[in-house]
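What the coordinates show
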Amino acid sequence: MDPQKRIEELQKIIQEHNHAYYVLDTPTISDYEFDILLKELEQLERENPIFISPQSPTQRVGSVVKSFHTEFHKERMYSLDNSYDASDLIDWEQKMKKVLGDVALSYTCELKYDGASISLTYEKGLLVKALTRGDGFQGDNVTNNLKTIKSVPLHLKGDYPDFFEIRGEVVLPFKGFEEMNKKRIAKGEEPFMNPRNTASGSLKIQDPKIVAERPLDCLLYGIAGDFPTIKSQFEFLEKARSWGFKVPDTAQKCDSLEEVMAFITHWDKARHDLPYETDGVVIKLNDLEQQYELGYTAKSPRWAMAYKFKAEKVATVLESVDYQVGRTGAITPVANLKPVLLAGTLVKRASLHNADQIEKLDLRLGDTVYVEKGGEIIPKIIGVDLTKRGAQVLPIRYATHCPECGAPLNRIEGEAKHFCLNESSCPPQIIGKISHYISRKAMDIDGLGEETVGLLFENGLLRNYADLYSLEVESLLRLERMAEKSVENLLLGIEASKKIPFEKVLFGLGIRYVGETVAKKLAFSFGSIEALIEASYESLIAVDEIGDRIAQSVLSFFSDPEQREIVLRLKAHGLQMALDVQTTAQMSDTLKGFNFVISGVFERHSRPELKTLIEKNGGKVVGSLSSKTHYLLAGDQMGPAKKEKALRLEVPMITESDFEEMINA
Ligand code: AMP
Ligand code: ZN
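Residues numbered from 1 in each chain as written. Chains lettered and ligands numbered in written order. Predicted model: local features only at pLDDT ≥ 70, side-chain atom pairs only at ≥ 80, totals over all residues. Heavy atoms only, no water.

A look at the site of ligand 1
What surrounds ligand 1 is a group of 13 residues, the closest being Ser 117, Arg 133, Glu 169, Tyr 221 and Lys 284. In this structure, a nitrogen atom belonging to ligand 1 sits 2.9 Å away from a side-chain N or O atom of Glu 110. At 2.8 Å from an oxygen atom of ligand 1 is found a side-chain nitrogen or oxygen belonging to Ser 117. Within the complex, the protein chains bury 87% of what would otherwise be the 500 Å² of accessible surface of ligand 1. (Near = heavy atom within 4 Å. Polar contact = N/O pair within 3.5 Å; in protein donor to acceptor, adjacent residues only side chain to side chain. Areas by Shrake-Rupley, 256 points an atom, 1.4 Å probe, with all protein chains shown as cover.)

Thoughts on the side chain of His 418
Tracing the sequence through the fold places His 418 in the loop between β19 (409-410) and β20 (419-420). Once residues within four sequence positions are removed from consideration, His 418 is found in contact with Gly 329, Ala 330, Ile 331, Ala 355, Tyr 398, Leu 409, Asn 410 and Arg 411. (Helix = DSSP H or I, 4+ residues; strand = E, 2+ residues; numbered from the N terminus. Contact = heavy atoms within 4.5 Å.)

What to know about the domain arrangement of the protein
As assigned here, the protein comprises domain 1 (3-59), domain 2 (82-308), domain 3 (427-499), domain 4 (502-584) and domain 5 (595-664). Measuring from the centre of the C-alpha atoms in domain 2 to the corresponding centre in domain 3 gives 50 Å. (Domains from an automatic or database assignment.)

A look at the coordination of the zinc ion (ligand 2)
Protein coordination at the zinc ion (ligand 2) comes from Cys 402 (SG), Cys 405 (SG), Cys 420 (SG) and Cys 426 (SG), with a distance range of 2.2 to 2.4 Å. Of note is the zinc ion (ligand 2), whose four donor atoms meet at the metal with angles of 99 to 115 degrees in an arrangement that counts as tetrahedral. Positions of the donor residues of the zinc ion (ligand 2) along the chain correspond to the pattern C-x2-C-x14-C-x5-C. (Donors = N, O, S within 2.8 Å, 3.2 Å for Na, K, Ca; no water. Tetrahedral: all angles 85-135°; square planar, octahedral: opposite > 155°, others 65-115°.)

A word on the sheet that holds strand β5 (residues 126-132)
Taken together, the four strands give an open sheet; going across it, the order is β5-β4-β7-β8, and neighbouring strands pair in antiparallel fashion. Every other strand in the sheet has two partners, leaving β5 and β8 (217-224) as the edge strands with one partner each. Going across the sheet, the axis of each strand differs from the next one's by a mean of 30 degrees, ignoring polarity. As paired elements, strand β4 (residues 116-123) and β5 share six bridges and run antiparallel to each other. Looking across to β5, one finds that Glu 123 is bridged to Leu 126. The strands touched by helix α8 (residues 233-242) within the sheet are β7 (163-171) and β8, with β8 carrying the most contacts at an inclination of about 130 degrees. (Pairing = 2+ DSSP bridges. Axes fitted to C-alpha atoms, helices over the stretch in contact; angles between N-to-C directions.)

Some details on the pairing of strand β23 (residues 631-634)
Covered by surrounding structure in β23 are Tyr 631 and Leu 633 together with Leu 632 and Ala 634, the residues of both alternating faces. Here strand β21 (residues 595-599) runs beside β23; their pairing, made up of four bridges, is parallel. In the sheet register, Val 597 faces β23, and the bridge partner there is Leu 632. The parallel pair β23 and strand β24 (residues 653-654), bridged by helix α24 (residues 640-648), forms a crossover whose chirality is right-handed. (Buried < 20%, exposed > 50% of the residue type's maximum accessible area, 1.4 Å probe, protein only. Right-handed = clockwise from strand over helix to strand, strands pointing away.)

Structural data, given as structure tokens:
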């Protein structure tokens, strides 16, 4: 078959399956079958790069943008007028009737999705541009980021207009938001505050790869421009759905304000079961001809109205403040409240984030506080009812010592939170550290999870990761929940970890700021744990990409006699505490100071192997070509754009054999 034909056909089929999966939520084929189609398309496109279109499903994740271009919207993006009760709506209807005459009016009611507004431009059925709202007249071109959202169709189907702008909201559903935060907390990062800010923040990230990892969704609600064949808002929503857009089916046509109010009352409660955040209802006059007649004020359409749900807020008494200790030692203050019903759940606790937050709200114990449940999962305190403040209130004295271990708390410069620095004997930190040590990317110890670590710790069998290697069958079997088979697996897993290479062990130690990449750099630069223990500040920062913060952290880790002792015990147990002979033999300074870009497919090495080889020889691998790139290591099937760019920037292209000669020289 003609490759161009097959490429187009595959693009269509894949788009169809994407639509079924991400828009309709009803997958039509297995992931495996889908992968096969995608692989076939990738292969054909590699062989026939001239037929790759920017709207191909293989092109969802593009390259980094340095800064976003500001561009004009074809039609302005307006705000909405707000209403808060039925009488506001009655006034609004009266005003419209003054212009339209005393006719019966119909409405389309939609939910007001709470995220970031977006305007998408389609030409001949292809997505060509995505702009943020900006100031309403012009917004940022974030096309690359929007393309990563799988529910956004890159190709439309059906009877779409030749050219149009469609408006919608980029949202981050609760589930994905929670998962992202779990991962962040596990990595010792600050969790995101709420889905809305995270969604709009995501649109401004320069690297689409990062955006692609965020489980964003895009819900559409409006079209800009005149389309004679479409008569009403409700009809438009149905049309947009048929072209492949994700248009929630919660929208409803209402023939009177009573019906509108019933819709509002229903969703004020039911919205809590929706997968994403909403903050109101948008009521639009249904007839597009009537909309046109009414037009716009300086800020908003006269034919639409937002109805804001009452922020769910209740007053209760702040009884006390507790302090929670995370895996990294970060302290989070938590308010204990007099139990109160809020949005259908009994609330007893609210997050206070950090000491600054308490100060900003000027909270006292015994205060009557307002608690709100917004998008956040945990309710938060938003203010104090000062009229209720009496002589009974007491100042909040922020914890000075760790509630788990009693060590004094510290506030590191530049961090909003206080930290317990007693890494070696603070229980949540001990459990956190061991869990990190055994995790897949570090020592990958099978048969052991965080829960078991907690159990072993509580039973006095485990105080640090070196203790893992002294665990004995008998004492393990005595524990509840530990059957013979699981003990056996656990001990086998621990034994196997003795073969894990040095750079992973180093990562597993859990030195603050020493992630996977840094651990690798340190391992390759110093070669052994002894050399690293002896390393000076100067020799540490001399390593590429290692700055003051990491250097200080490494020094402080190894200057702690307890940590040193644990590390030496690991060595005594036979863990890999130096690069193996083979690795060392391959190491050199030959490529020091040179930056490489690797592209294409190679005969004798995989790309990760080449990367490791470059790093072992002192060189550096970067993601994209620039004037600072020294060599483009080019394999087969490299894209024509890369080649062209390399020529333009005069970056020399070398083959796999050239490279081998370089490092063997
Ligand atoms: P505001 O920012 O409060 O003026 O409200 C206007 C914004 O509401 C628009 O820019 C949209 O991003 C957002 N919005 C969310 N859902 C809808 C909807 N169903 N119809 C129209 N606008 C919506
Ligand atoms: Zn502590």
